[in-house]
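Results of the structural survey
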Amino acid sequence: MCSQLSFARGLMWAAVLMFIGLASERAGAQEPMVESTGWDAVELLGRSVAAGEKRRLFLRASESFAGTSVEIPVLVIRGLTPGPTVCFTAGVHGDELNGIEIVRKVFESVAPPDLSGMLIGVPVANLHGFRRSSRYLPDRRDLNRFFPGHPGGSSASRIAGALFQNVVLHCNRLIDFHTGSFHRTNIPQLRADLRKPAILEMARSFGTPLILHSEGAPGTLRRAAVDANITAITYEAGEPMRFQADEIARGYEGTRLLLAKLGMVGRSSRGDDPEVFYRSRWVRVNDGGIFLTSRELGESVEAGAVLGTVTDPVSNERSQVIAPIPGRIIGMALSQVVIPGFAAFHIGLPGDVLAQPPDAPSLPTLHPDQLDALEHPE
Ligand SMILES: [Zn+2]
């Protein structure tokens with residue numbers, strides 16, 4: 001009887017222990033249950049990035065002449081809770097510095113526990129150009145004409161392909177940061193294909209005061225991303241070779257505002273109601289010489305207004321650069337030596353409200369020799 005009782009007790013304890021064992025296994029299985037929501041560690045660039053982790057990874061995209069690998073730094077923050085993946089690329093043109101600082105500030109400001117979703121940042125996409133203070137790659141190619149790239153293509157195409165395949169295709173949304181090129185400066189502005197509702201909404205969420213409708217030239221990172229169904233915009237601000245406080249602050253605040261609107265970080269201050277330009281035109285100089293201007297970014301000008309002068313330094317002959325259309329100066333050359341055909345002013349033609357389709361605004365008929373249409377060298 002006694003032995004039967006102790007046998008029964010033994011069975012009971014075995015059952016209890018088995019239950020505890022199962023329970024603890026189930027407790028161990030709690031984490032896989034979180035994984036089943038789809039928000040577990042993610043593989044990026046051959047590394048695992050866990051939820052709540054902030055990491056710096058490297059993309060091996062090229063080699064130096066001596067065979068040492070050129071590794072592009074990639075910053076990653078995996079939030080604790082699910083959300084979209086937003087990517088930031090800067091320095092696609094190696095001499096455009098403002099975006100590099102914007103990406104740094106964004107990643108410095110976000111702690112993984114406060115983030116829903118994931119951030120991926122490529123602060124210096126064109127490392128070759130950055131080291132040489134050049135817009136271009138060592139083969140004189142413009143990296144931002146070779147996306148989505150190809151592994152068997154030119155040096156530019158291979159770097160573009162590595163970046164696109166290994167980083168960009170992980171993104172739901174992308175902001176590509178640029179500045180004006182070649183001694184030109186841009187008023188802080190977004191470039192976006194406003195015909196696409198998701199992109200329009202993203203551009204509005206950024207809160208920058210000026211949006212320019214632009215499909216993006218084939219080969220640009222933004223255009224290739226949009227073609228791959230990634231919601232992408234470009235932030236253009238300031239000039240190359242400088243870190244400019246206001247342009248950086250606007251880009252940083254716009255990015256935080258966008259992340260807040262997406263529900264990825266806490267509240268942010270409200271942005272401006274943007275002025276939208278569906279069309280813009282470049283005004284080129286017709287003579288070579290010393291180009292001088294006292295115009296400033298953001299100025300509104302009438303048709304026929306004198307925007308600047310070009311003076312021949314030998315003959316002293318002087319010509320004027322005239323605004324052929326009314327509009328707002330959204331980009332311009334700094335005073336410098338120019339040759340005929342140099343694009344000196346980027347004039348935005350005020351559009352209608354954001355809801356209006358881009359084709360709707362009626363525009364003045366422009367002579368094709370007089371002005372360039374749709375040239376946005378981002
Ligand atoms: Zn650029």
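Okay, so let's go over this structure.

Here is what the cut-offs are and how they apply
Residues numbered from 1 in each chain as written. Predicted model: local features only at pLDDT ≥ 70, side-chain atom pairs only at ≥ 80, totals over all residues. Helix = DSSP H or I, 4+ residues; strand = E, 2+ residues; numbered from the N terminus. Buried ≥ 20, exposed ≤ 12 C-beta atoms within 10 Å, placed from the backbone. Contact = placed C-beta atoms within 7 Å. Expected span 1.5 Å × (residues − 1). Arc of directions from axis to C-beta. Pairing = 2+ DSSP bridges. Axes fitted to C-alpha atoms, helices over the stretch in contact; angles between N-to-C directions. Core = buried A, V, L, I, M, F, W, Y, C linked by C-beta atoms within 7 Å. Domains from an automatic or database assignment. Parallel < 35°, antiparallel > 145°, perpendicular 65-115°, else oblique. Nonpolar A, V, L, I, M, F, W, Y, C, P; charged D, E, K, R; others polar. Left-handed = near helix turned anticlockwise from the far one by under 90°.

Quick look at the overall build of the protein chain now. The helix and strand tally for the protein chain stands at eight helices and 19 strands. Counting over 378 residues, the protein chain shows a buried share of 42%. Contacts in the protein chain between residues far apart in sequence, at least 24 positions, make up 66% of those at least 6 positions apart.

Examined against the element boundaries, Gly-149 turns out to sit in the loop between α4 (127-131) and α5 (155-166). A count of 23 C-beta atoms within 10 Å places Gly-149 in the buried class.

The next thing to look at is α5. The end-to-end C-alpha separation of α5 is 17 Å, in line with the 16 Å expected for 12 residues at 1.5 Å each. Those residues of α5 that fall on the buried side of the exposure criterion are Ala-156, Ser-157, Ile-159, Ala-160 and Leu-163. Down the axis of α5, the buried set is contained in an arc of 165 degrees. They therefore lie on one face. Taken together, the buried residues of α5 touch β3 (54-63) and β6 (116-122).

Ordered by their spatial adjacency, four strands build an open sheet running β15-β14-β12-β17, and the pairing between neighbours is antiparallel. Both edges of this open sheet fall to β15 (318-322) and β17 (336-338), since each of them pairs with a single strand only. On average, each strand axis in the sheet is tilted by 35 degrees relative to the strand beside it, whichever way the strands run. As paired elements, strand β12 (residues 289-292) and β17 share three bridges and run antiparallel to each other. Bridging across to β17, Gly-289 finds its partner in Val-338.

Take the nonpolar core next. In summary, soluble globular proteins display a tendency toward joint burial of nonpolar side chains. Judged by nonpolar contacts, the single largest core of 88 residues is most densely connected at Ala-90, Leu-163, Ala-203, Ile-233 and Ala-344. For this core, the leading source of residues is helix α6 (residues 197-206), giving five residues. Residue-level mapping places this core at the junction of two domains, with at least three residues from each of domain 1 (42-273) and domain 2 (280-367). In this structure, Ala-90 is in contact with Gly-99, Ile-100, Ile-102, Val-103, Val-122, Pro-123, Val-124, Ala-125 and Phe-177, ignoring residues within four places of it in sequence.

Right, let's talk about the packing of α6 against helix α8 (residues 245-261) for a bit. For the pair α6 and α8, interaxial distance at closest approach is 7 Å and the crossing angle is 125 degrees. Between α6 and α8, the interaxial angle falls into the category oblique. Taking contact as the criterion, the partners of Met-202, Ser-205 and Phe-206 in α6 are, on α8, Gly-254, Leu-257, Leu-258 and Lys-261. Looking at side-chain class alone, the contact of α6 with α8 contains four nonpolar, two polar and one charged residues.

Before going further, it helps to examine the environment of Val-314. Along the polypeptide, Val-314 turns up in the loop between β14 (306-311) and β15. Placed 25 residues apart in sequence, Val-314 and Gly-289 show a C-alpha to C-alpha distance of 9.0 Å.

That bond from Phe-147 to Pro-148 is cis: its omega, 10 degrees, falls within 30 degrees of zero. Position of Pro-148 relative to the elements: it lies in the loop between α4 and α5. Phi is positive for Ser-133, close to 55 degrees, though the residue is something other than glycine. Its location among the elements puts Ser-133 in the loop between α4 and α5. The residue His-183 is not glycine, and still its phi comes out positive at about 60 degrees.

With that settled, consider the environment of Glu-215. Turning to its location among the elements, Glu-215 is positioned in the loop between β9 (210-213) and α7 (221-227). A C-alpha to C-alpha distance of 9.3 Å links Glu-215 and Val-226, two positions 11 residues apart in sequence. When near neighbours in sequence (up to four residues on either side) are disregarded, Glu-215 contacts Asp-193 and Arg-223.

All right, on to the packing of helix α3 (residues 98-109) against α8 then. Contact pair α3 / α8: the axes reach a minimum separation of 9 Å and the direction vectors enclose 45 degrees. In terms of axis orientation, α3 runs oblique to α8. As α3 runs across α8, the sense of the crossing is right-handed. Residues Asn-98, Gly-99, Glu-101, Ile-102, Lys-105 and Val-106 of α3 pack against Glu-247, Ile-248, Gly-251, Tyr-252 and Thr-255 of α8. In the contact of α3 with α8, the residues fall into four nonpolar, four polar and three charged.

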